[in-house]
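What follows is the residue order along each chain.
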Amino acid sequence: MGFKCGIVGLPNVGKSTLFNALTQTAAAEAANYPFCTIEPNVGEVGVPDERLDELARIAGSKQIIPTRLTFVDIAGLVRGASKGEGLGNQFLGHIREVDAVAYVLRCFEDGDIVHVAGKIDPLADAEVVETELMLSDMESLEKRKHAADKKARGGDKEAKVQLVLIDKALALLTEGKPARHVELTPEEVPAFRALQLLTSKPVLYVCNVDEGSAANGNAFTAKVEEFAKAEGAGCVIISAKIEAELSGLDDDERKAFLAEMGLEEPGLNRLIREGYKLLGLVTYFTVGPKEARAWTITDGTKGPKAAGVIHTDFEKGFIRAETIAYEDYIAFKGEVGCKDAGKMRLEGKEYVVKDGDVMHFRFAGG
């Protein structure tokens, strides 16, 4: 698994064009009019990681299996969506399951593409989207509060905890602040996540720019970057037009085109990296002659839980993990070289898996 990212934004910001390019599909119809995406589209992409290719080359792996990133493209929101305007809030439920929400913001001028508000102002656009999500959260919490209150009065302990969290979130939302700013104790986090509030998700601002601004941004993106930093949110600059061009090119053509545009890598790579950073995710690898595979875990995950990402039996029966740092695997040209050089370590249940670790799990029954 990688992570699941919801894509939201106003109509005509380039959201569906970006979705198409990122997933290299034509699943979302991109057109110059509002609501062209009439149902949520889901696309998966392999997470690019040069380390995986290098490990596979050394091990002679027949197959390379990257970790996956899932994009959920939601129809363009407009002011009043939470009250049924435009396509209404029928799509908002589809982003309750995601790990993070990408707000696609229009940071380009183009007289041929209308803007629903009549002017280009990415921070105002972000506010409209966030307000609609907050209103939807408030409506959801108000509905739940009555049921939780009734259960709490009957002595239900879980309902009492839930009621406290509902009140905390409603107080903040009423002040016009998103639920992700609710102050929680470590014990409250799981129950709060279970509320699946739209504005409790980490946010990544995606600045969609013209081709000339893809490398260094522009005045619009500078404002968004400053705002994102103050919010503790992620921010990435992408040109949906460039990504659309790249999606139809082979590797050599892609490299030449990127160089021509003054870019070192596709926007997808930057978006994924920013998403991983925002969510505190790291990657470990399993490598052998059959396959080289990447696995995504949360930073700070210990050996047994990391093994459980592969299979629950691995976690239940975890004994130890044969572990090699990526740099050592490359330097000593594989597992045998690392063993001979004393670079393979046997790690137990308390070991915190590091980004880039090459691991082989030993478990009871395996």
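Every value quoted in this text rests on a predicted model; they were computed, and no experiment measured them.

Looking at the sheet that holds strand β7 (residues 234-238)
Sheet architecture is open: six strands sit in the order β2-β4-β1-β5-β6-β7, paired in mixed fashion. Each end of this open sheet is capped by a strand with a single partner; those strands are β2 (41-46) and β7. For this sheet the average axis-to-axis angle between neighbouring strands, irrespective of direction, equals 25°. Alignment of strand β1 (residues 4-8) against strand β5 (residues 100-106), held across four bridges, turns out to be parallel. Across the sheet, the residue bridging to Gly 6 is Val 101, located in β5. Together, β1, β5 and β6 (203-208) form the strand contacts of helix α3 (residues 122-153), whose direction differs from that of β5 by roughly 140°.

Topic: α3
Along an α-helix, residues three or four apart share an orientation, since each turn contains 3.6 residues. With 32 residues, α3 ought to run about 46 Å at 1.5 Å a step, and its terminal C-alpha atoms sit 46 Å apart, in line with that. At Lys 145, α3 shows its maximal kink, close to 30°. Immediately beyond the C-terminal end of α3, within one or two residues, lies Gly 155, with a positive phi of roughly 95°.

Details of the packing of aromatic side chains
Tallied over the entire structure, the rule returns six aromatic pairs. Plain terms: the ring middles of Tyr 103 and Tyr 205 are 5.5 Å apart, the flat faces sit at 85° to each other, and that makes the pair edge-to-face. Of this pair, Tyr 103 sits in strand β5 while Tyr 205 sits in strand β6, placing them 102 residues apart in sequence. Both residues of the pair, Tyr 103 and Tyr 205, count as buried. Seen from their ring centres, Tyr 284 and Phe 361 are 5.8 Å apart, and the 85° between their planes marks the pair as edge-to-face. Pair noted here: Tyr 284 is in strand β8 (residues 281-287) and Phe 361 is in strand β12 (residues 358-363), with a separation of 77 residues, a long-range link. Exposure class is identical for Tyr 284 and Phe 361. Each is buried. One aromatic cluster in this structure is built from Tyr 103, Tyr 205 and Phe 227.

Thresholds applied
Residues numbered from 1 in each chain as written. Predicted model: local features only at pLDDT ≥ 70, side-chain atom pairs only at ≥ 80, totals over all residues. Heavy atoms only, no water. Pairing = 2+ DSSP bridges. Helix = DSSP H or I, 4+ residues; strand = E, 2+ residues; numbered from the N terminus. Axes fitted to C-alpha atoms, helices over the stretch in contact; angles between N-to-C directions. Contact = heavy atoms within 4.5 Å. Expected span 1.5 Å × (residues − 1). Bend = angle between axes of the 7 residues up to and from the residue. Phe/Tyr/Trp six-rings, centres within 6.5 Å; stacked < 30°, edge-to-face > 60°. Buried < 20%, exposed > 50% of the residue type's maximum accessible area, 1.4 Å probe, protein only.

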